[in-house]
Amino acid sequence: MSEVVTDSVPEDESSAAQTKLSFLLAMAMFVLVVDTSLMNVSISAVVKDLDTTVSNVQAAIALEALVSAAFILISSKVGDLIGRKRAYVLGLVAYAIGALAMTLAQSLTAVIIFWAIIGGLGASLLLPAMQSLIHGNFKGAARTRTYALVGAAAAIAAAVGPLLGGFVTTYLSWRVGFGLEAVVIAVVLSQIKLVHDVAYTGPRQIDLVGAILSVLGMGGLVLGILVWQEGGEFVGLLIAIGAIALALLAYWLVRRKREGKPTLLDPGLFRFPHFTSGISGQLLQNVTLGGAMIALPIFLQMTLEYNALKTGLTLAPLSLSMFAVALLAGRKAGGRRPSNIILVGFALSTVGIALIIPIVPRTDSGWWLFVPLLITGSGLGLLVSQLNNYTLSPIEEERVSEAAGVNSAAGSFGLSFGLAVAGGIMLAFLAFSFTNLSEESTVIPPAQQQQIADTLEDDAEVISNAQLEPLLADEPKAVREEILHINKEARDRSLQVALLVPVLASLLGLLNGFRMRRLPDPKPASSVEGVALG
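Residues numbered from 1 in each chain as written. Predicted model: local features only at pLDDT ≥ 70, side-chain atom pairs only at ≥ 80, totals over all residues. Heavy atoms only, no water.

Caption draft 1: Focus on the overall build of the protein. A count of helices and strands for the protein gives 17 helices and zero strands. Looking at the protein residue by residue over its 534 residues, the buried ones come to 58%. Taking the contacts inside the protein whose residues are at least 6 apart along the sequence as the reference set, 85% of them involve residues at least 24 apart. Put simply, the protein shows about 22,200 Å² of open surface, and 65% of that area lies on carbon and sulfur atoms. (Helix = DSSP H or I, 4+ residues; strand = E, 2+ residues; numbered from the N terminus. Buried < 20%, exposed > 50% of the residue type's maximum accessible area, 1.4 Å probe, protein only. Contact = heavy atoms within 4.5 Å. Areas by Shrake-Rupley, 256 points an atom, 1.4 Å probe, with all protein chains shown as cover.)

Caption draft 2: Representation of empty space enclosed by the protein. Applying the stated criterion to the full structure yields four cavities of 30 Å³ or more. If you add up the space inside the second largest cavity, you get close to 50 Å³. Lining the second largest cavity are eleven residues, with Ser76, Asp80, Arg84, Pro128 and Ala129 sitting closest to its centre. Those elements giving two or more residues to the lining of the second largest cavity turn out to be α3 (54-82), α4 (84-104) and α5 (108-137). (1 Å grid on protein atoms, 1.4 Å probe; cavity = no way out; pocket = protein on both sides within 12 Å on 5 of 7 lines; lining within 4 Å. Points joined across faces, edges and corners; volume = space filled by probe spheres on them.)

Caption draft 3: Seen up close, the side chain of serine 365. With respect to the element layout, serine 365 can be found in the loop between α12 (338-359) and α13 (370-392). What makes serine 365 buried here is its relative accessible area of 17%. Among the polar contacts listed, one links the side chain of serine 365 to the backbone nitrogen of tryptophan 367, at a separation of 3.2 Å. Look past the residues within four positions of serine 365 in its chain and what remains in contact with it is Leu304 and Tyr306. (Polar contact = N/O pair within 3.5 Å; in protein donor to acceptor, adjacent residues only side chain to side chain.)

Caption draft 4: Quick look at the packing of helix α1 (residues 15-41) against α3. At their nearest, the axes of α1 and α3 sit 11 Å apart, and the two run at 170° to each other. The angle between α1 and α3 places the two elements in the roughly antiparallel class. In this structure, α1 uses Thr36, Met39 and Asn40 to contact α3, whose residues at the interface are Val57, Ile61 and Glu64. When grouped by side-chain class, the residues that make up the contact of α1 with α3 number three nonpolar, two polar and one charged. (Axes fitted to C-alpha atoms, helices over the stretch in contact; angles between N-to-C directions. Parallel < 35°, antiparallel > 145°, perpendicular 65-115°, else oblique. Nonpolar A, V, L, I, M, F, W, Y, C, P; charged D, E, K, R; others polar.)

Caption draft 5: Region of interest: the environment of arginine 84. Mapped onto the elements, arginine 84 comes out in helix α4. Given a relative accessible area of 9%, arginine 84 falls into the buried group. Remark: the alpha-carbon pair of arginine 84 and alanine 199, spanning 115 residues in sequence, is separated by 8.0 Å.

Caption draft 6: Structural detail: α3. Compared with the 42 Å implied by 1.5 Å per residue over 29 residues, the 39 Å span of α3 between its first and last C-alpha is a close match. Its maximal kink placed at isoleucine 72, α3 deviates by approximately 55°. Judged by how many residues are buried, α3 sits mostly within the fold: 24 of 29 residues are covered. The positive-phi residue at the C-terminal boundary of α3 is glycine 83, with phi of around 110°. (Expected span 1.5 Å × (residues − 1). Bend = angle between axes of the 7 residues up to and from the residue.)

Caption draft 7: Molecular detail of the nonpolar core. In this structure, Met39 and Val111 are the most contacted members of the largest nonpolar core, which totals 78 residues. The biggest single contributor to this core is helix α10 (residues 273-303), with twelve residues. Beyond its immediate stretch of four places on either side in the chain, methionine 39 contacts Val46, Val57, Ile61, Met102, Val111, Trp115 and Phe178. Counting residues in hydrophobic clusters, the runner-up holds 52 residues, among them Val31, Ala142, Ala211 and Ala404. (Core = buried A, V, L, I, M, F, W, Y, C linked by side-chain atoms within 4.5 Å.)

Caption draft 8: Looking closely at the packing of aromatic side chains. In total, this model carries six aromatic pairs according to the counting rule given. Residues phenylalanine 270 and phenylalanine 275 carry aromatic rings whose centres are separated by 5.6 Å and whose planes lie at 70° to one another, so their mutual orientation is edge-to-face. (Phe/Tyr/Trp six-rings, centres within 6.5 Å; stacked < 30°, edge-to-face > 60°.)

Caption draft 9: Inspection of the packing of α4 against helix α7 (residues 174-190) at higher detail. Where α4 contacts α7, the two axes come as close as 8 Å, and the packing angle between them is 155°. Here α7 runs roughly antiparallel to α4, going by the angle between their axes. The two elements α4 and α7 cross, and the hand of that crossing is left-handed. Contacts between α4 and α7 involve Tyr88, Val89, Leu92, Val93, Tyr95, Ala96, Ala99, Leu100, Met102, Thr103 and Leu104 on the former and, on the latter, Trp174, Arg175, Phe178, Gly179, Glu181, Ala182, Ile185, Val188 and Leu189. Looking at the contact of α4 with α7 residue by residue, the classes come out as 16 nonpolar, two polar and two charged. (Left-handed = near helix turned anticlockwise from the far one by under 90°.)

Caption draft 10: How the structure looks around a nonpolar patch on the surface. Residues Ile206, Leu208, Ile212, Leu216, Phe234, Leu237 and Ile241 make up a contiguous nonpolar surface patch of about 690 Å² in total accessible area. Those elements that place two or more of their residues in the nonpolar patch are α8 (208-229) and α9 (235-258). Top contributing element to the nonpolar patch by residue count: α8, with three residues. For isoleucine 206, the location among the structural elements is in the loop between α7 and α8. (Patch = residues over 30% accessible without salt bridge, like charges linked within 9 Å, V, L, I, M, F, W, Y side chains within 5 Å. Salt bridge = Lys/Arg side-chain N within 4 Å of Asp/Glu carboxyl O.)

Caption draft 11: Quick peek at unusual backbone geometry. Despite not being glycine, aspartate 51 shows a phi value in the positive range, around 50°. Positionally, aspartate 51 belongs in the loop between α2 (43-50) and α3. The exposure class of aspartate 51 is exposed, given its relative accessible area of 71%. The backbone of glutamate 305 shows a phi angle near 55°, a positive value even though the residue is not glycine. Its location among the elements puts glutamate 305 in the loop between α10 and α11 (308-332).

Caption draft 12: Structural view of α9. Counted at 1.5 Å a residue, the expected span for α9 with its 24 residues is 34 Å, and the 35 Å between its end C-alpha atoms agrees. Looking only at α9, the buried set comprises Val235, Gly242, Ala245, Leu249, Trp252, Leu253 and Arg256. Two residues or fewer after α9 comes glycine 260, characterised by a positive phi angle close to 75°.

Caption draft 13: Main features of the pattern of salt bridges. This structure, assessed with the given rule, holds five salt bridges. Between aspartate 266 and lysine 257 there is a salt bridge, with its nearest N and O atoms 3.4 Å apart. When its relative accessible area of 10% is taken as the criterion, aspartate 266 is described as buried. We classify lysine 257 as partly exposed; its relative accessible area is 41%. Lysine 261 is the partner of glutamate 259 in a salt bridge, and the nearest nitrogen-oxygen pair spans 3.4 Å. Given a relative accessible area of 42%, glutamate 259 falls into the partly exposed group.

Caption draft 14: View of the environment of alanine 498. Mapped onto the elements, alanine 498 comes out in helix α17 (residues 477-517). Along the chain, alanine 498 and methionine 426 lie 72 residues apart, while their C-alpha atoms are 5.1 Å from each other. Residues contacting alanine 498, with those up to four places away along its chain left out, are Ala295, Ala422, Ile425 and Met426.

As structure tokens, then:
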């Protein structure tokens with residue numbers, strides 16, 4: 001078995017240098033997490049500046065998460081083969097390219113290529129490489145502190161991301177926010193000499209078939225939904241390819257394992273009931289978060305016509321409570337069963353989002369969302385505090401990196417799936433509702449009713465009344481007011497239906513939580529020190 005020759009950590013490495021490296025790693029994680037928050041609260045500004053549509057921006061956000069999810073297992077292996085430090089650098093550079101492209105982009109095409117695809121690939125390289133580098137660059141208490149610091153950076157980014165993104169977008173520009181990301185990455189890269197590479201001593205053969213099937217499987221499912229969202233063709237074929245590829249991947253991994261050949265990931269991991277129920281919970285938690293974080297910013301920006309700052313402030317109870325509860329629950333869980341905490345987390349997130357649904361058509365202020373968002377964030381915070389440890393605790397030290405990769409892939413896939421499904425259902429129901437309400441109208445002439453139906457069949461779009469009104473300037477006053485009324489009602493209905501996606505995911509998580517309760521509590525293991533990165 002060959003071995004990669006790498007730098008070793010010097011015995012006399014100063015504590016000051018190690019502290020500096022810890023903060024640099026935390027800065028990289030902060031940028032990684034805050035990036036999506038910035039995009040979510042800036043949807044209306046991006047739409048205006050790039051002369052595009054809300055659905056196109058939704059698709060770009062979902063695509064970035066999809067690329068990260070689809071390639072994270074392969075990228076983890078690539079990092080093993082080319083060196084974890086090199087993979088870390090390449091991931092940061094790819095993310096910086098995406099951030100710089102956003103500061104200069106003049107079209108959605110640039111956003112898709114550089115931010116969604118190249119940036120997504122960067123994230124898939126960065127996450128597993130960072131986990132291995134922390135494990136190899138620190139020892140004992142220093143390693144524990146670094147994992148905690150990087151995990152805290154991710155939680156803080158999730159908490160302050162909407163506020164920071166909203167402030168920068170409102171008073172400067174959304175482009176400035178991405179420019180600042182590039183600056184932070186440049187600072188991190190300028191000190192890359194502090195990072196010592198970590199040797200990989202495992203098998204160096206590549207399971208190429210498994211890699212291709214994993215990309216086709218996860219990519220096909222979400223890409224099919226994105227194509228459906230955009231009104232494209234071959235939706236059923238893409239989803240079928242994804243489902244068949246995942247089934248073939250499972251068969252292939254079992255067969256390769258039985259033959260004693262290298263596999264993309266060890267199918268034996270799925271024999272651990274804690275692991276399978278844990279990654280199921282991880283996936284459902286992220287479907288919940290993804291569905292909520294695409295529907296809620298659109299509601300605030302397109303229905304209440306909030307700017308980015310107001311959107312970030314309104315979403316603050318969700319992100320801040322998620323951070324605070326995760327921190328508190330992580331420290332104060334005591335002798336409570338993790339499965340019970342997870343069960344309560346899914347119950348709270350279900351109740352919180354369910355409470356928002358009847359509020360959508362009845363409010364003209366984001367203040368009405370304060371309590372439901374607080375409940376939802378508290379539930380998600382409980383999940384964040386427990387799921388990673390619960391999932392990885394039964395895994396042996398030599399397999400924890402691989403298991404953490406699967407765990408991260410489940411989270412990324414759940415996020416992209418939630419974004420895509422909620423967005424797609426929103427647009428489909430918008431077209432359906434607008435067409436039905438137009439046909440029922442006694443004010444809109446029949447010819448215009450048919451024109452509206454034909455237009456929506458090809459290009460349904462979430463649009464605010466302020467954006468729609470100038471397009472109706474030539475219409476009679478009665479027709480203009482009727483269309484504006486229909487737009488609001490159809491938009492509200494579609495947003496309510498979209499919010500059913502995170503509600504359903506939370507309910508499934510609740511059922512999965514009952515399954516967890518039937519299992520004995522997982523035993524703590526040293527191999528789970530790095531789970532905050534998942």
